[in-house]
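Single-letter residue listing:
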Amino acid sequence: MYDVHSVREDFPVLKDVIYLDNAATTQTPVPAVKAMEEYFLSYAGNHGRGAHRLARETTNHYEDARETVARFLGTDAKKTVFTRNATESINIVSRGFPWESDDHVIVTLVEHHSNLLPWMRLKNEGVDLTIVRPDATGIVDPGEIMSAVTDRTRLIAMNHISNVFGSTQDVDTVIRLAHKEDVKVLVDGSQSAGHMPLNIASMDPDFFATPGHKGLLGPQGTGVLYMKEPDMIEPVFVGGGMVRSVTDSGYETEPSPAKFEAGTPNMPGVIGLGRAVEYVEEIGVSDIEKHETSLARVAASGLSGIEGVEVYGPENRSSVVSFNVGGMNAHDVAMILDQTKAICVRSGYHCAIPGINFLDVDGTVRASFALYNTEEEVELLVDTVSSIASMMA
Ligand SMILES: Cc1ncc(COP(=O)(O)O)c(C=O)c1O
């Protein structure tokens with residue numbers, strides 16, 4: 001197991017705050033920031049667009065980052081596309097999929113809006129949507145999902161880990177059963193990538209989307225999309241960098257991944273992401289998972305022992321703990337945590353209004369953990385929430 005205190009040296013902001021909003025975005029380690037600084041100060045050029053040394057060096061570093069991310073996730077680099085975030089990754093699939101009128105998509109009620117709105121919007125194109133409900137802890141039964149499959153179902157889009165409940169979905173079973181019915185599966189891995197060991201090749205989804213700025217520790221403005229059959233997807237954006245030939249009567253696109261990366265990409269961000277993923281590999285994602293889930297379980301058990309506090313989600317949770325202090329607005333709790341102890345948590349709907357409505361509350365407070373959080377921080381969270389709850393008693 002790694003030494004959390006030496007890891008913290010790589011995240012200087014942690015000296016000033018207790019950062020428990022990692023499900024929204026994580027801090028980026030110094031080596032990744034240095035890789036971006038090196039890009040700007042030593043070799044910035046454009047990707048794939050020049051014979052000169054800076055363009056070549058930028059292209060090499062960018063493509064090395066792709067190899068690193070693909071190795072880490074267990075994907076084929078040619079099918080691994082860089083995007084701005086998970087939202088863009090999912091929209092690339094929803095906009096580019098070869099839909100036909102009366103096609104059918106299945107999602108779950110515990111999706112982030114980014115994995116809900118892109119499918120809802122397809123209604124305008126005659127694509128029907130079924131939303132499958134979870135159990136009380138945010139787990140969706142693969143059997144319920146499969147019973148919603150009809151002969152028009154083309155795709156199931158579901159989260160791997162819920163950003164509200166911290167529940168892990170049985171995506172392996174869904175993928176296996178869906179493929180028997182010739183239905184494709186998109187996994188939203190926003191809360192799993194970098195938080196647990198993943199091998200996309202053996203998981204075998206048709207699409208896997210993740211931001212680069214959460215568990216992968218990369219900078220904001222980075223995301224990843226894996227597509228098993230990229231040729232079936234029409235690119236949303238066309239323009240420079242993704243085209244092989246153009247005549248006055250038309251154009252021929254490059255194959256994936258270039259086909260989906262039109263325009264000048266986020267070279268510094270991707271290069272930083274590549275270095276951040278190496279950092280995660282150096283520490284070891286299995287140990288990260290053990291550390292984070294242990295903190296989350298200690299937090300959940302401490303919080304649920306406080307009178308008036310309700311904790312949501314399954315016992316066997318990932319690194320996310322949603323809760324409420326009875327009689328208090330979640331934002332007020334979050335403000336007090338920040339102002340009294342510099343504890344940064346998320347509050348509100350977490351971009352998942354249907355999931356929060358399902359809990360029949362106006363929002364939750366959410367503490368979410370990363371590799372650099374400590375048991376002392378969890379203790380302080382629990383003690384501070386306990387003081388807040390006692391003010392309400
Ligand atoms: C489960 C889930 N899906 C999608 C997203 C959207 O990620 P991004 O903001 O990088 O597009 C998030 C962000 O919190 C998330 O938790």
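Residue positions are given per chain, counted from 1 along the sequence in the order it is written. It should be noted that, the model being predicted, local features are given only for residues of pLDDT at least 70 and side-chain atom pairs only at 80 or more, the latter also being counted only at that level, while totals for whole chains, interfaces and linings use all residues. Hydrogens and water molecules were not included; the side-chain quantities draw on all heavy atoms of the structure.

Under the annotation held in an unreviewed UniProt entry, the protein chain carries the name cysteine desulfurase and is attributed to Methanolobus zinderi. In its Cofactor (unreviewed entry) section, the UniProt record describing the protein chain reads: "pyridoxal 5'-phosphate". Quoted straight from UniProt, the Catalytic activity (unreviewed entry) entry for the protein chain says "(sulfur carrier)-H + L-cysteine = (sulfur carrier)-SH + L-alanine". UniProt positions are given in the numbering used here, feature names are shortened, and annotations may be inferred rather than shown by experiment.

Would you mind going over the site of the ligand with me for this structure?
Not every one of the 13 residues close to the ligand is listed here, only the nearest: Thr87, Asp188, Gln191, His213 and Lys214. Between a nitrogen atom of the ligand and a side-chain N or O atom of serine 190, the distance comes to 3.2 Å. Counting of polar contacts relies on pairs of N or O atoms within 3.5 Å, with two restrictions inside protein: one atom must be capable of donating a hydrogen and the other of accepting it, and residues adjacent in sequence are counted only when both atoms are side-chain atoms. Here glutamine 191 contributes a side-chain N or O atom positioned 2.7 Å from an oxygen atom of the ligand. In this description, accessible areas are obtained by the Shrake-Rupley approach with a 1.4 Å probe, and a residue is regarded as covered only by the protein chains that are shown. Contact with the protein chains covers 90% of the free accessible surface of the ligand, which is 390 Å². Looking at the shell around the ligand residue by residue, the classes come out as 3 nonpolar, 8 polar and 2 charged. Any residue with a non-hydrogen atom lying within 4 Å of a molecule or strand is treated as near it. Charged means Asp, Glu, Lys or Arg here, nonpolar means Ala, Val, Leu, Ile, Met, Phe, Trp, Tyr, Cys or Pro, and polar covers whatever is left, Gly included.

Could you clarify how one ought to interpret the environment of aspartate 170 in this entry?
In this text, helices come from DSSP runs of H or I with a minimum length of four residues, and strands from runs of E with a minimum of two, each type numbered from the N-terminal end. Checked against the element boundaries, aspartate 170 lands in the loop between strand E5 (153–159) and helix H7 (171–180). Aspartate 170 sits 180 residues away from histidine 350 along the chain, and the two C-alpha atoms are 22 Å apart.

What is the right way to look at the domain arrangement of the protein chain in this model?
Interfaces are often sized by the amount of accessible area the parts lose when they come together. Once the domains are mapped, the protein chain shows domain 1 (31–282) and domain 2 (284–392). The start and end points of each domain follow an automatic or database-based domain assignment. The gap between the C-alpha centroids of domain 1 and domain 2 is 28 Å. In this description, contact between two residues means that some pair of their heavy atoms is separated by no more than 4.5 Å. Domain 1 puts 29 residues into the contact, and the matching count from domain 2 is 26 residues. When the buried area of domain 1 at its contact with domain 2 is split by residue, Val164, Phe165 and His195 rank highest and sum to 28% of it. Basic side-chain nitrogens of Lys or Arg form a salt bridge, by our definition, when they fall within 4 Å of a carboxyl oxygen of Asp or Glu. Linking domain 1 to domain 2 there are 0 salt bridges. Where domain 1 touches domain 2, the interface holds 10 residue pairs in polar contact (both at pLDDT 80 or more). Note on terms: buried area is the combined drop in 1.4 Å-probe accessible area of two parts once they are placed together, counting the loss on both.

Sorry if this is basic, but what is going on with the sheet that holds E5 here?
We call two strands paired when DSSP finds no fewer than two bridges between them. Strand order in the open sheet formed by 7 strands is E2-E8-E7-E6-E5-E3-E4, with mixed pairing between adjacent strands. The open sheet is flanked by strand E2 (80–83) and strand E4 (128–132), the only strands paired with a single partner. Across the sheet, the mean angle from the axis of one strand to that of its neighbour is 15 degrees, orientation sign disregarded. Looking at chain direction, strand E7 (residues 207–211) and strand E8 (residues 223–227) are connected through 5 bridges and run antiparallel. Paired with proline 211 across the two strands is glycine 223, which belongs to E8. Here, axes are lines fitted to C-alpha atoms. For helices the fit covers the stretch in contact, and angles between N-to-C directions go from 0 to 180 degrees. The strands touched by helix H3 (residues 53–73) are E2 and E8; relative to E2, the strand with the most contacts, the crossing angle is about 115 degrees.

Whenever I open this one, the environment of glutamate 307 confuses me. Can you help?
Turning to its location among the elements, glutamate 307 is positioned in the loop between helix H10 (285–304) and strand E11 (309–312). A simple rule labels every residue: compare its accessible area, found with a 1.4 Å probe on the protein chains alone, to the largest value its type can have, and call it buried under 20%, exposed over 50%, or partly exposed in between. A residue is classified by how much of its surface remains accessible, and glutamate 307, at 75% relative accessible area, is exposed. Separated by 18 residues in the primary sequence, glutamate 307 and valine 325 have C-alpha atoms spaced 8.8 Å apart.

Help me understand unusual backbone geometry, please; the structure alone is not making it clear to me.
Only a minority of non-glycine residues have a phi that is not negative, and only a minority of peptide bonds are not trans. Backbone torsion omega between serine 256 and proline 257 reads 5 degrees, so that peptide bond is classified as cis. Mapped onto the elements, proline 257 comes out in the loop between strand E10 (250–253) and helix H9 (267–283). Phi at aspartate 204 takes a positive value of approximately 65 degrees, unusual for a residue other than glycine. Take aspartate 204: it is sitting in the loop between helix H8 (200–203) and E7.

I tried to follow the packing of aromatic side chains on my own but got confused; where do I start?
Within a pair of aromatic rings, the relevant descriptors are the distance that separates the centres and the angle that separates the planes. Each Phe, Tyr or Trp ring (for Trp, its six-membered ring) is paired with any other whose centre lies within 6.5 Å, and the angle between the two planes then decides the class: stacked below 30 degrees, edge-to-face above 60, tilted in between. Going through the model one piece at a time under the given rule, you end up with 9 aromatic pairs. Residues tryptophan 99 and tryptophan 119 carry aromatic rings whose centres are separated by 6.5 Å and whose planes lie at 80 degrees to one another, so their mutual orientation is edge-to-face. Here tryptophan 99, found in the loop between helix H4 (86–96) and strand E3 (104–108), pairs with tryptophan 119, found in helix H5 (residues 117–120); they are 20 residues apart in sequence, far enough to count as distant. Using a relative accessible area of 15% as the deciding quantity, one classes tryptophan 99 as buried. Each member of the aromatic cluster is reached from another via a ring pair, and the members are Phe97, Trp99, Trp119 and Phe207.

I'm lost on the sheet that holds strand E15 (residues 364–368) in this one. Help?
The strands that make up a sheet are held in pairs by hydrogen bonds between backbone atoms, and each pair lies either parallel or antiparallel. Strand order in the open sheet made by the 4 strands is E11-E12-E15-E14, with antiparallel pairing throughout. Only two strands of the sheet have a single partner each, and these edge strands are E11 and strand E14 (346–348). Shown here is a sheet whose adjacent strand axes are inclined to one another by a mean of 30 degrees, direction ignored. Against the sheet, helix H11 (residues 330–341) makes contact with strand E12 (320–325), E14 and E15, and its axis sits at roughly 160 degrees relative to E14, the strand it touches most. Its contacts with the sheet put helix H13 (residues 375–392) on E11, E12 and E15, and the angle it makes with E12 is roughly 15 degrees.

Mind showing me how you'd approach H9 here?
Every α-helix winds through 3.6 residues per turn, so residues three or four apart in the chain are directed the same way. One fewer than the residue count of a helix, multiplied by 1.5 Å, yields its expected span. Here H9 contains 17 residues, and its C-alpha end-to-end distance of 25 Å stays within 8% of the 24 Å for a straight helix at 1.5 Å per residue. Burial within H9 is extensive, with 13 of its 17 residues counted as buried. Where H9 begins, the side chain of asparagine 266 points an oxygen toward the backbone nitrogen of glycine 269, at a separation of 2.9 Å. Glycine 284 sits one or two residues past H9 and shows a positive phi near 105 degrees.

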